[in-house]
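# Structural overview for review
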Amino acid sequence: MELVPGGAVPPAVVRELRRDLALCLDRRVAIADEVLALDDAFSPERQQYRADMILAALLEGLDGGDERRRMAVVAEDLFLPVFTHIFSSAQFRGLAAVVSTHRLTPTWLDQPADPRVLRLRLLKEALHELGHTLGLVHCKVPWCVMSPSLDPDHVDLKDPAFCAPCAEAGGIPRDRTFLFL
Amino acid sequence: MSGRMPRLLIVDDERHVRESLSHWFTEDGYDTVTAGSGREALDLLGRRDVDVIVSDIKMPGMDGLELQHRVLEKNPHAAIILVTAYASVATAVQALKEGAYDYMVKPFDPEQLSQVVARAYEKVKLSTENETLRERLSAAEPPFVTGTSRAMAKVMELVDMVAPTDTSVLIRGESGTGKELIARLIHLRSQRAYGPVVAVNCGALSESLLESELFGHEKGAFTGASSRRTGKIELADGGTLFLDEVGEVTPKVQVELLRALEERTITRVGGNQEIPVNFRLVTATNRDLEAAIRDGSFRDDLFFRINVFTITIPPLRERREDILPIAEHFLRRFGAAMGRPIRGFSAEARDLILDYEWPGNVRELANAVERALVVCRGEEVGAEHLPIAAHAHAADPGLAGDYSIAALEAQHIEKVLRVHDYNVTQAAKALGIDRVTLYNKMRKYGIERP
């Protein structure tokens, strides 16, 4: 799995996410050398970035037969044409995903600035989108990281862990994710 | 419907909208399909079922409103959410008026859209489950035997006619004819079948107990009311309230019942809060309510409220062809319950059953068959096993199943009048009452000189 920094995301945020994901998943997580340019995905009308175009740009960076999952980590506000906003997006049963810190940052919601809150929220969103690339759908178990989160408070309520059926369906190790609880 | 993924159809002429929505709802666990036009959507619907449709309104060719119209024509339970990029109150009102489940403006808040689609799916699921339940209930055999005579066929026709409506029904018939069972059948075949059916025997309770039973009471409303109690009317919310022996309801409770029927609210005994209630009323009586109105013991306004539709169940003796099939039904039912392999009735037993008047109607017949099974040791129920054997011919048909003192008095007065050639003075003297009293009683019982 490879994390691809995009736009104005601080490198430290990506590095922390890499460490946390590697620990959770018990596998090597790389950080791409290049920074993904988001200009093409920018909508001047909405002053937001199209998530589907970012996913397409990520896939362009893959050679044929490359099975690596690529996840863009951006600080910009994401949207899909029919939605006002989204936190993150992924290619279902695919190789590309994107997570944004924009709406997860506590100060965006007038919450006290706490880097640990953003770090945990970002990890949960990244695990959630990874789950979608592995073909997992939203889970009804409230604490499972695959339960849908439509606002940051929902994200806070989840654990950075997959429930047993989701973990089994996605072939994801479970035990290590509890290190964060 | 449970156990499979909810199916969602997305209709929009813009590809990226279809893809975004499809992607979103796939992650949400929906089985999504997309169509680029109304025509394509209809083709797709001809091939597969979907639970919820999210359709754009403005599309070239068939627009979302026309698609909705065509879909609802075929499937009135379909949940359609119409979307548009342009907020217009007029279009929204039109869409909802024409049956859309909801209306949304692009771009959507993802949380709002997910919730609307989830609620629409719940609604469809509930409608489908209710439909299945209704089909199951209407296909089910009635839980009792009614008979196949023309008289009972007419009763069943009336039941089928009135059941789907919300009309109040008054069931009349002698004791033991199965009035409560007909009431339950009306409930089972009504739109309220999935709601409760709550039965109250008004004749079995004193005025204050009946009042509390029907309307409930607040804690401390009267001595012994140690806690709050919900009344049967409240419990029947969304279902059917069956009041048996409604003719026995006292004037005070009649007034309260009338108020509940007219205002659709009740107040618990000792309370002051008006509680809205939603129930269908089915009542039953073996009393002559018209006579009760004349003598002032039953309110005519309540009578008109409960007697919107009447079903009269004929007594068994008036539908003799039903007697044997019903007896055989009970023999099979009780035989199976007792684990007794009974072949049937002997020829003598059948004659006896057919000859008897059955003043207690189906209830008496059921009891007689059950008792016969207990005493019968062989494989065939004989005449000697039937509890009617000793008095089969002693039954007085003149009583017509009415064992009240009043019925006996009426019969006796008529007999004495006949003996005295309807000379009221002589008959009154023989009866030991004055002429005026005799005239009053003749009027009360409808006895006329020939």
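Residues numbered from 1 in each chain as written. Chains lettered and ligands numbered in written order. Predicted model: local features only at pLDDT ≥ 70, side-chain atom pairs only at ≥ 80, totals over all residues. Heavy atoms only, no water.

## Things to note about the overall build of chain A
Across its full length, chain A carries five helices and eight strands. Each helix (α) and strand (β) of chain A, taken in turn from the N terminus, gives the series β-α-β-β-β-α-β-β-β-β-α-α-α. Across the 181 residues in chain A, those meeting the buried criterion constitute 53%. Put simply, 63% of the contacts in chain A that link residues at least 6 apart link residues at least 24 apart. As displayed, chain A has an accessible area near 8,100 Å², and 53% of this comes from carbon and sulfur atoms. (Helix = DSSP H or I, 4+ residues; strand = E, 2+ residues; numbered from the N terminus. Buried < 20%, exposed > 50% of the residue type's maximum accessible area, 1.4 Å probe, protein only. Contact = heavy atoms within 4.5 Å. Areas by Shrake-Rupley, 256 points an atom, 1.4 Å probe, with all protein chains shown as cover.)

## Concerning the interface of chain A and chain B
Contacts between the two partners involve 21 residues from chain A, matched on the other side by 18 residues from chain B. Each partner contributes to the roughly 1,600 Å² buried at the junction of chain A and chain B, and carbon and sulfur atoms together form 68% of this total. When the buried surface of chain A facing chain B is broken down by residue, Val82(A), Phe83(A) and Leu150(A) rank first, second and third, together holding 40% of it. Where chain A packs against chain B, one counts seven residue pairs in polar contact (both at pLDDT 80 or more). Sorting the residues of the side of chain A that touches chain B by element identifies β7 (88-90) and α3 (115-133) of chain A as the ones contributing at least two each. (Buried area = accessible area lost by both parts, 1.4 Å probe. Polar contact = N/O pair within 3.5 Å; in protein donor to acceptor, adjacent residues only side chain to side chain.)

## Examining the pattern of salt bridges
Residues and elements named next belong to chain B. Scanning all chains against the criterion turns up 34 salt bridges over all chains. The residue Glu 290 makes a salt bridge to Arg 172 at a minimum N-O spacing of 2.9 Å. Here Arg 172 lies in strand β6 (residues 169-173) and Glu 290 lies in helix α11 (residues 289-294), a separation of 118 residues in the sequence. Residue Glu 234 pairs with Arg 268 through a salt bridge whose shortest N-O separation is 2.9 Å. (Salt bridge = Lys/Arg side-chain N within 4 Å of Asp/Glu carboxyl O.)

## Some remarks on the packing of helix α17 (residues 424-431) of chain B against helix α18 (residues 435-445) of chain B
All names here are of chain B. Here α17 crosses α18 at 100°, and the two axes come no closer than 9 Å. It follows from the interaxial angle that α17 and α18 lie roughly perpendicular. Touching Val 424, Thr 425, Ala 427, Ala 428 and Leu 431 of α17 are Arg 435, Leu 438, Tyr 439 and Met 442, all from α18. Along the lines of polarity and charge, the residues of the contact of α17 with α18 split into seven nonpolar, one polar and one charged. (Axes fitted to C-alpha atoms, helices over the stretch in contact; angles between N-to-C directions. Parallel < 35°, antiparallel > 145°, perpendicular 65-115°, else oblique. Nonpolar A, V, L, I, M, F, W, Y, C, P; charged D, E, K, R; others polar.)

## Quick look at the sheet that holds strand β4 (residues 79-84) of chain B
To summarise the sheet geometry, strands pair through backbone hydrogen bonds and adopt either a parallel or an antiparallel arrangement. Residue and element names in this part refer to chain B. One open sheet holds the five strands; their spatial order is β2-β1-β3-β4-β5, and the pairing between them is parallel. Two strands close off the open sheet at either side, each with one partner strand: β2 (31-35) and β5 (102-105). Recorded for the sheet is a direction-independent mean angle of 20° between the axes of neighbouring strands. Contacting β1 (7-11), β2 and β3 (52-56), helix α1 (residues 15-27) crosses the sheet at an angle of about 170° to β2. Its contacts with the sheet place helix α4 (residues 89-97) against β4 and β5, and it is angled at close to 150° to β5. (Pairing = 2+ DSSP bridges.)

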